[in-house]
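# Analysis of the macromolecular model
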Amino acid sequence: MPSLFPALTAGSARPALTFGDRSLSHAGLAAAAGAHAARLAGAGRVAVWATPTLETAVGVVAALLAGVPAVPLNPRTGERELAHILSDSAPSLVLAAPGDVLPPVLAGTDRIDIDVRPASGAPTLPDEPSAGAPALIVYTSGTTGPPKGVVLPRRAITSTLDALAGAWEWTGDDVLVHGLPLFHVHGLILGILGPLRRGGSVHHIGRFDTAAVARELAAHGTMFFGVPTMYHRVAEALADDPALAKALSGARLLVSGSAALPVYDHERIASATGRRVVERYGMTETLMNTSVRADGEPRPGTVGVPLDGVRVRLVEETGEEITAYDSETVGEIQVCGPNLFTEYLNRPDATAAAFDGEWFRTGDMATRDPDGYVRIVGRKATDLIKSGGYKIGAGEIENALLDHPAVREAAVTGAPDPDLGERVVAWIVPSDAQHPPTVDDLARHVAQQLAPHKRPREVRLLDELPRNEMGKIMKRALHD
């Protein structure tokens, strides 16, 4: 099949990776990763200690060049979970940056320190593996049990990155700025492999801060990838940081993903910069499914339309397909296309349960606008509230609550109710802890914006919402 990284095989001298004051061209990356790829040939699976460093990027590219499945390891994973991942994936080697101190659970695994210096001489790159060959094994968050290893084939990576190139008008002239971790789809596949496939460049800022974003976008960047927590901090900083506003104004594309970006933050950023943040929708098992296009309408609260090659449908609980495009009818998103994973490693039962024929059951609930824009309203397991005969998505209520001036953060869940079946519960971090909003105030606000049956019947005040490393609210922890 064609090369996953054409600029590497062509030996391009253009910049490829920059981490702080260290960088590699595409030719230099080919030389450094190619030398390691020769050592990895036939290694089975390899783990990568995925720190936000140049070494991680080189190690993953080396494994991909060698045709060896790479298992990115989150350095902040607890020992029990890490032990499960290692037992399940059984890597023969672990790749790490020199000097990295690995936990004891990795003591029995052979280690290779990644040397990012280009090897001398022209690299001999292995032949490209088949499209269906496994490229990465990325572990899910494990919210309903031990993490599952999602086996991603090379075709899933290439189809997603090429579809995004079309949707975002992404070219080799783009310079991506991002500060995401490198052990998941957003930070690694989109943020590192995406620019490499396009023949462009990525500048990783390390630990996220708004000053670094402003500096890199002003100096080099055309695109910025972030998660809602990052964009919230950007929105908070804009009023007092004209340099940040100017840098964002000059960016060609701002992309948010991994969770919904509140409409309030959308509007603050657009007002200060004149730029709209583009949202996309994907998950570990499917990579990217939909996106607002660069030349499309930036409609806050939506994740755009299906990407080229991806089929998306909504289904009732009975399995019947929903054909309405009315912005109201809620159904589970199912996806079909070359972007899908092949299996959960060592879990044929879970793999079979995840599919309805050729369609993958995402567990995400959504509506569709008349022109096909998808609106995510939450997860089937935690965000679909059945109250008084209505199916209500938590996401739209959360956006409405965030429009209230007394609300700084909001999450919505359902709780058992003897009359309604479930009642809407709002978990609120107030803007002013001394003067929090009342349930009547918030109920009236939501009823006026949405509908009376969507109003919260109960409000619980918190100092902060529990979030994971990607900024997603952990709703199960709210009830715990």
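### Brief notes about the overall build of the protein chain
- When you go through the protein chain residue by residue, the secondary structure sums to 14 helices and 27 strands.
- Across its three principal axes, the protein chain shows a C-alpha extent of roughly 70 × 55 × 45 Å.
- When burial is assessed residue by residue, the protein chain has 56% of its 480 residues classed as buried.
- Summarising the internal contacts of the protein chain: among those between residues at least 6 apart in sequence, 65% fall at separations of at least 24.

### Notes on the nonpolar core
- Counting residues in hydrophobic clusters, the biggest one holds 110 residues, and the most contacted among them are Leu-17, Leu-40, Trp-168, Ile-189, Ile-192 and Leu-193.
- The element best represented in this core is helix α3 (residues 54–66), accounting for 10 residues.
- Filtering out sequence-adjacent residues up to four positions away, Leu-17 remains in contact with Arg-22, Ser-23, Leu-24, Leu-29, Leu-54, Ala-57, Ile-192, Leu-196 and Val-202.

### Digging into the pattern of salt bridges
- Throughout the structure, instances matching the rule amount to 25 salt bridges.
- Two residues, Arg-299 and Asp-369, come together in a salt bridge whose shortest N-O distance is 2.9 Å. Placement of Arg-299 in the loop between β14 (287–291) and β15 (305–306) and of Asp-369 in the loop between β21 (359–368) and β22 (374–379) is noted, with a sequence separation of 70 residues between them. In terms of burial, Arg-299 and Asp-369 fall into one category: buried.
- Linking Arg-347 and Asp-349 is a salt bridge whose minimum nitrogen-to-oxygen distance equals 3.2 Å.
- Through salt bridges with shared partners, one network takes in Glu-297, Arg-299, Asp-369, Asp-371 and Arg-375.

### Some words on the packing of helix α12 (residues 394–402) against helix α13 (residues 439–449)
- Axis separation between α12 and α13 bottoms out at 9 Å; the angle between their running directions is 115°. Between α12 and α13, the crossing angle belongs to the class labelled roughly perpendicular. Where α12 crosses over α13, the handedness of that crossing is right-handed. Here α12 contributes Ile-397, Ala-400 and Leu-401 to the contact with α13, which in turn contributes Leu-442, His-445, Val-446 and Gln-449.
- The class makeup of the residues in the contact of α12 with α13 is 5 nonpolar, 2 polar and no charged.

### Concerning the packing of helix α8 (residues 228–238) against helix α9 (residues 242–249)
- Running from N to C, α8 and α9 point in directions that differ by 125°, and their axes come no closer than 8 Å. Compared by their axis directions, α8 and α9 come out oblique. By crossing handedness, the relation of α8 to α9 is classed as left-handed. Packed against α8, whose contacting residues are Val-234, Ala-237 and Leu-238, the element α9 presents Pro-242, Leu-244, Ala-245 and Leu-248 at the interface.
- Residue composition of the contact of α8 with α9, grouped by class: 7 nonpolar, no polar and no charged.

### As for the environment of Ala-50
- Mapped onto the secondary structure, Ala-50 falls in the loop between β3 (46–49) and α3.
- A sequence separation of 325 residues divides Ala-50 from Arg-375, and the C-alpha atoms of the two residues are 32 Å apart.
- In this view, Ala-50 contacts Thr-56, Pro-72, Leu-73, Pro-75, Leu-182 and Phe-183; residues no more than four positions away in its chain are not counted.

### A closer look at α3
- Compared with an ideal rise of 1.5 Å per residue, which puts 13 residues at 18 Å, α3 spans 18 Å between its outermost C-alpha atoms and is within 8% of the ideal.
- Most of α3 sits out of view: 13 of its 13 residues are buried.
- Trailing α3 by a residue or two, Gly-67 shows a phi angle of about 75°, which is positive.

### Some words on the side chain of Thr-56
- Along the chain, Thr-56 falls in helix α3.
- A relative accessible area of 2% places Thr-56 in the buried class.
- Not counting the four nearest positions on each side in its chain, Thr-56 is found in contact with Val-48, Trp-49, Ala-50, Thr-51 and Leu-182.

### Here we look at the side chain of Thr-18
- Here Thr-18 shows up in strand β1 (residues 15–19).
- Its relative accessible area of 13% is what places Thr-18 among the buried residues.
- Those residues in contact with Thr-18 that lie beyond four places of it in its chain are Ser-23, Val-202, His-203 and His-204.

### Examining the sheet that holds strand β9 (residues 175–178)
- The 9 strands lie next to each other as β2-β1-β10-β9-β11-β12-β13-β14-β15, forming an open sheet whose pairing is mixed. Edge positions in the sheet fall to β2 (22–25) and β15, since each of these pairs with one other strand and no more.
- Sheet analysis places strand β12 (residues 253–256) next to strand β13 (residues 277–283), joined by 3 bridges and oriented parallel. Residue pairing across strands places Ser-256 opposite Glu-279, the latter belonging to β13.
- Along the sheet face, α8 touches β11 (223–226), β12 and β13 and points at about 115° away from the line of β11.

### Considering the packing of aromatic side chains
- Going through the model one piece at a time under the given rule, you end up with 8 aromatic pairs.
- Relative to Tyr-231, the ring of Phe-224 lies with its centre 5.5 Å away and its plane at 70°, an arrangement referred to as edge-to-face. You'll find Phe-224 and Tyr-231 in the same group, each marked buried.
- A connected cluster of aromatic rings, assembled from ring pairs, spans Phe-341, Tyr-344, Phe-355 and Phe-360.
- Above the ring of Tyr-373, the side-chain terminus of Arg-299 is found at 3.9 Å from the ring centroid.

What counts, and at which threshold
- Residues numbered from 1 in each chain as written.
- Predicted model: local features only at pLDDT ≥ 70, side-chain atom pairs only at ≥ 80, totals over all residues.
- Heavy atoms only, no water.
- Helix = DSSP H or I, 4+ residues; strand = E, 2+ residues; numbered from the N terminus.
- Buried < 20%, exposed > 50% of the residue type's maximum accessible area, 1.4 Å probe, protein only.
- Contact = heavy atoms within 4.5 Å.
- Core = buried A, V, L, I, M, F, W, Y, C linked by side-chain atoms within 4.5 Å.
- Salt bridge = Lys/Arg side-chain N within 4 Å of Asp/Glu carboxyl O.
- Axes fitted to C-alpha atoms, helices over the stretch in contact; angles between N-to-C directions.
- Parallel < 35°, antiparallel > 145°, perpendicular 65-115°, else oblique.
- Left-handed = near helix turned anticlockwise from the far one by under 90°.
- Nonpolar A, V, L, I, M, F, W, Y, C, P; charged D, E, K, R; others polar.
- Expected span 1.5 Å × (residues − 1).
- Pairing = 2+ DSSP bridges.
- Phe/Tyr/Trp six-rings, centres within 6.5 Å; stacked < 30°, edge-to-face > 60°.
- Lys NZ or Arg CZ within 6 Å of the ring centre and 35° of its normal.

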